[in-house]
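Summary of structural features
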2 protein chains.
Amino acid sequence: MITIYDIAKKANVSAMTVSKVINQTGRISPATRERVQQVIEELGYIPNSNARSLVLQRTQMLSLLITDITNPFYTTLARGAEDAANQRGYRLLFSNSDEDYGKEKNYVETILSTRVDGVLFAPAGDRSLNHLKQLQERNIPFVILDRTVPGITSDVIAGDSREGALQLIRYLTNLGHRHIALVNGSSEVSTARLREEGYMEGLREAELPFDSGLILRTGYRDFSDEKGIDRLLAHQLKPTAIFAANNMLAIGVIRLLRKRGVRVPEDISVVCFDDLDLASAFDPFLTVAAQPAYDFGAIGMQMLIDRIEGKAPEQPQTVIMPSELRIRASASVPSE
Amino acid sequence: MITIYDIAKKANVSAMTVSKVINQTGRISPATRERVQQVIEELGYIPNSNARSLVLQRTQMLSLLITDITNPFYTTLARGAEDAANQRGYRLLFSNSDEDYGKEKNYVETILSTRVDGVLFAPAGDRSLNHLKQLQERNIPFVILDRTVPGITSDVIAGDSREGALQLIRYLTNLGHRHIALVNGSSEVSTARLREEGYMEGLREAELPFDSGLILRTGYRDFSDEKGIDRLLAHQLKPTAIFAANNMLAIGVIRLLRKRGVRVPEDISVVCFDDLDLASAFDPFLTVAAQPAYDFGAIGMQMLIDRIEGKAPEQPQTVIMPSELRIRASASVPSE
DNA sequence: TTGTAGGCGTTATCAC
DNA sequence: GTGATAACGCCTACAA
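Residues numbered from 1 in each chain as written. Chains lettered and ligands numbered in written order. Predicted model: local features only at pLDDT ≥ 70, side-chain atom pairs only at ≥ 80, totals over all residues. Heavy atoms only, no water.

Chain A is annotated in an unreviewed UniProt entry as LacI family transcriptional regulator from Paenibacillus xylanivorans.

So, in structure tokens, the structure goes:
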């Protein structure tokens, strides 16, 4: 392995001089600078960032922890985070918890042992509390992303789940729907709770009764609860519309409906939170409350770096991003 | 920061003993082992992996370099790679080059400075040659993923682009299509060349003439070449089918066709390489040659780790993954 | 402007 | 079974 000493020897200077050339610190004559740079070039020297981190107590590396890498919301968000990090001179370490507390725990350990300078953290749910506390104990700056966790005070960037859900329900009730089902994520996840609140509020506004038989609670990914769907469809007052609390749930719901010969939107309307960028691009089908995923990542990353670099206000900041109703074809007036 | 010395002091042993407990190396009495572990637990000590890497000359970290994080082919692949890496005790550093040689170059520098133990590398194209050579010079093991690069000999895992394309063209010609356009990626990318070969072979088999006016070459992502599409549509022998060389191109093509009032498949059939998992889940529309994305990642990662751990045969291995024709609705018999 | 000494947190080696 | 020492590659502080 080529070290700073190899460069030093070949350039007839000390290692320190080489270090100074690399980091542009201290004064050195143009002549030696030139010579050193030539040798660095020639030998293709690249500093060992582990050694550097060890002495600097800084890795110039950040972590992004997301909960589902196959969800386009998070991959778009990841690009925003990556772009922002790179722009400000940081490298980004991606981690993917798969909505699993166990994997999340492992990643937190990795994060801690890697000594990254900060974390943009999308918690799996309320039980992520301990993981976040662990970061706080070590004084690792972090920004909570997408979901809040009761018991933790920190910078947060999240969507307006309540309002977005309300918009969707309003849209459905305006179309004339009276029986609207909710297929939601786990109640352990803040966005699921808020979307349910928005749903309830929407019913209230339209003076519709709440019917717990129209609610199905599950996880945010890999939805395939056949029994649950059958239960909804068999409910005494069969729903004419379903609000899926995120895009992955909507996909599952529509797939299961089609499997049963139920047409969308002719027989049942479906709306959801989060867009499906790719699918929507060539087939504008799903009516959604879209969140600005890229900005979630980009702005969250800015907040994190500002915090790390001491450019943020002392008290924790909360940024709430609005969502946008995109009316397309998956919801229509109820058939009856 | 809690170090191994803090543990040592509190447990009344030397740092070495603590190290031995952590790494389960050397002999130590159950009593002290117990005591040390207790203190580790108590203080929540997590070893500094930078310091460890420095002395071990090994980071237990691997890089996955993909070219488009918004492409579901690559995110699914990423999950496969991640699962395999974690299973074998490695952490994974994701990087995303956006099909951009400049970004790729930066990531290679990062990889080199981080001293990862190996890289699963999807090259942006033939001009990635220098980047790969750089890795070879440093003796960083790597497996080339998805695309080959002339001039580099190494382990490779890739799809059968030629055969997959051939299948798609055969399918189209069997339906009766005589004028089939190709919207391809850059000729600098091996998969684009091979898919074009498959396309040509398919034409030959069906005894169709080759018509260069039916070929549009562009990049694999962000397709929006309006003029190019117009040129294809205005061609003297208007195509009745389009073969898009990957999923992202297909999306762009269909979007632009719809924008022009051209219906798919009624007016023009469209087929492509790679599936769109999410979109296909709830709307089985695109007829594709699907590649086993998860296995690309999982198997590629196994190859890489085998290579690193000296468990691979000496000479470089090449694994070619078959693709699978999935017939759905985006292609039908030609209208005329 | 340049170089020396010491230390960042960990582990391999080799004594005790 | 346990511990002292040196080393991994780099940078800060200080001296020349």
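1. Considerations on the overall build of chain A
Tallying secondary structure elements over chain A gives 13 helices and twelve strands in all. For chain A, the C-alpha radius of gyration of 25 Å lies well beyond 20 Å, the compact-globule estimate for 336 residues. Reported as C-alpha extents along the three principal axes, the dimensions of chain A are approximately 90 × 40 × 30 Å. Taking the contacts inside chain A whose residues are at least 6 apart along the sequence as the reference set, 72% of them involve residues at least 24 apart. Here chain A has roughly 13,900 Å² of accessible surface; of this, 49% comes from carbon and sulfur atoms. (Helix = DSSP H or I, 4+ residues; strand = E, 2+ residues; numbered from the N terminus. Rg over C-alpha atoms; globule rule 2.2 N^0.38 Å. Contact = heavy atoms within 4.5 Å. Areas by Shrake-Rupley, 256 points an atom, 1.4 Å probe, with all protein chains shown as cover.)

2. Side note on helix 13 (residues 293-308) of chain B
Quick reminder: α-helices carry 3.6 residues per turn. Residues three or four places apart thus point the same way. Residues and elements named next belong to chain B. Helix length check: helix 13 (16 residues) gives 23 Å between terminal C-alpha atoms against 22 Å at 1.5 Å per residue, within 8%. Taken together, the buried positions of helix 13 are occupied by A293, F296, G297, A298, G300, M301, M303, L304 and I305. G310 sits one or two positions beyond helix 13 and adopts a positive phi of about 70 degrees. (Expected span 1.5 Å × (residues − 1). Buried < 20%, exposed > 50% of the residue type's maximum accessible area, 1.4 Å probe, protein only.)

3. Digging into helix 5 (residues 72-87) of chain B
Residues and elements named next belong to chain B. With 16 residues, helix 5 should cover 22 Å at 1.5 Å per step; its first-to-last C-alpha distance of 22 Å lies within 8% of that length. A side-chain oxygen of the first residue of helix 5 lies 2.8 Å from the backbone nitrogen of F73; this N-cap is N71. A positive backbone phi angle near 85 degrees is found at G89, which sits one or two residues after helix 5. (Polar contact = N/O pair within 3.5 Å; in protein donor to acceptor, adjacent residues only side chain to side chain.)

4. Notes on the relation of the copies chain A and chain B
Laying chain A over chain B is done by rotating through 180 degrees and shifting 0.0 Å along the axis; what remains is an RMSD of 0.0 Å. A rotation of that kind, with that shift, is consistent with a two-fold axis. Comparing contact sets, 100% of the residues at the interface of chain A also lie at the interface in chain B, consistent with an isologous, same-surface contact. (Least-squares fit on C-alpha atoms with pLDDT ≥ 70 in both.)

5. Regarding the sheet that holds strand 8 (residues 241-244) of chain B
Working definition: the strands of a sheet are paired by backbone hydrogen bonds and lie parallel or antiparallel to each other. Residue and element names in this part refer to chain B. Here six strands make up an open sheet; going across it, the order is 7-6-8-9-10-12 and the pairing mixed. Each end of this open sheet is capped by a strand with a single partner; those strands are strand 7 (215-217) and strand 12 (324-326). Pairs of neighbouring strands in the sheet enclose a mean axial angle of 15 degrees, with direction left out of account. Strand direction decides the pairing type here: strand 8 and strand 9 (residues 269-273), joined by four bridges, are parallel. Residue pairing for strand 9: A241 is matched across the bridge by S269. Sitting on the sheet, helix 11 (residues 247-259) is in contact with strand 6 (180-184), strand 8 and strand 9, with an inclination near 160 degrees to strand 9. (Pairing = 2+ DSSP bridges. Axes fitted to C-alpha atoms, helices over the stretch in contact; angles between N-to-C directions.)

6. Things to note about the protein's contact with DNA strand D
In the region of DNA strand D, 26 residues are neighbours, and A:I4, A:Y45, B:M16, B:T17 and B:K20 sit closest. Counting only atoms of DNA strand D within 4 Å of the protein, the fraction found in sugar and phosphate groups is 65%. One of the side-chain N or O atoms of A:N23 is found 3.0 Å from a phosphate oxygen in DNA strand D. Between DNA strand D and B:T17 there is a distance of 2.5 Å, counted from a phosphate oxygen to a side-chain nitrogen or oxygen. Of all elements in the fold, only helix 1 (4-11), helix 2 (15-23) and helix 4 (49-56) of chain A together with helix 2 (15-23) and helix 4 (49-56) of chain B reach the threshold of two or more residues within the surface near DNA strand D. Across the surface near DNA strand D, the residue classes tally to 14 nonpolar, nine polar and three charged. (Near = heavy atom within 4 Å. Nonpolar A, V, L, I, M, F, W, Y, C, P; charged D, E, K, R; others polar.)

7. Observations concerning unusual backbone geometry
Each neighbour pair has its own omega, and for A:V264 with A:P265 the value is 5 degrees, a cis peptide bond. For A:P265, the location among the structural elements is in the loop between helix 11 (247-259) and strand 9 (269-273). In this model, A:R115 sits at a positive phi of 60 degrees, which is unusual for a non-glycine residue. Taking the relative accessible area as the measure of exposure, A:R115 reaches 15% and is therefore buried. The phi angle at B:D274 is positive, at roughly 75 degrees, despite the residue not being glycine.

8. Observations regarding the pairing of strand 8 of chain B
All names here are of chain B. Taking every second residue as pointing to the same face, both faces of strand 8 are buried, with A241 and F243 on one and I242 and A244 on the other. Both strand 6 and strand 8 contribute to a ladder of four bridges, which runs parallel. In the strand pairing of strand 8, L182 is matched with F243. The β-α-β motif built from strand 8, the intervening helix 11 and the parallel element strand 9 has right-handed crossover chirality. (Right-handed = clockwise from strand over helix to strand, strands pointing away.)

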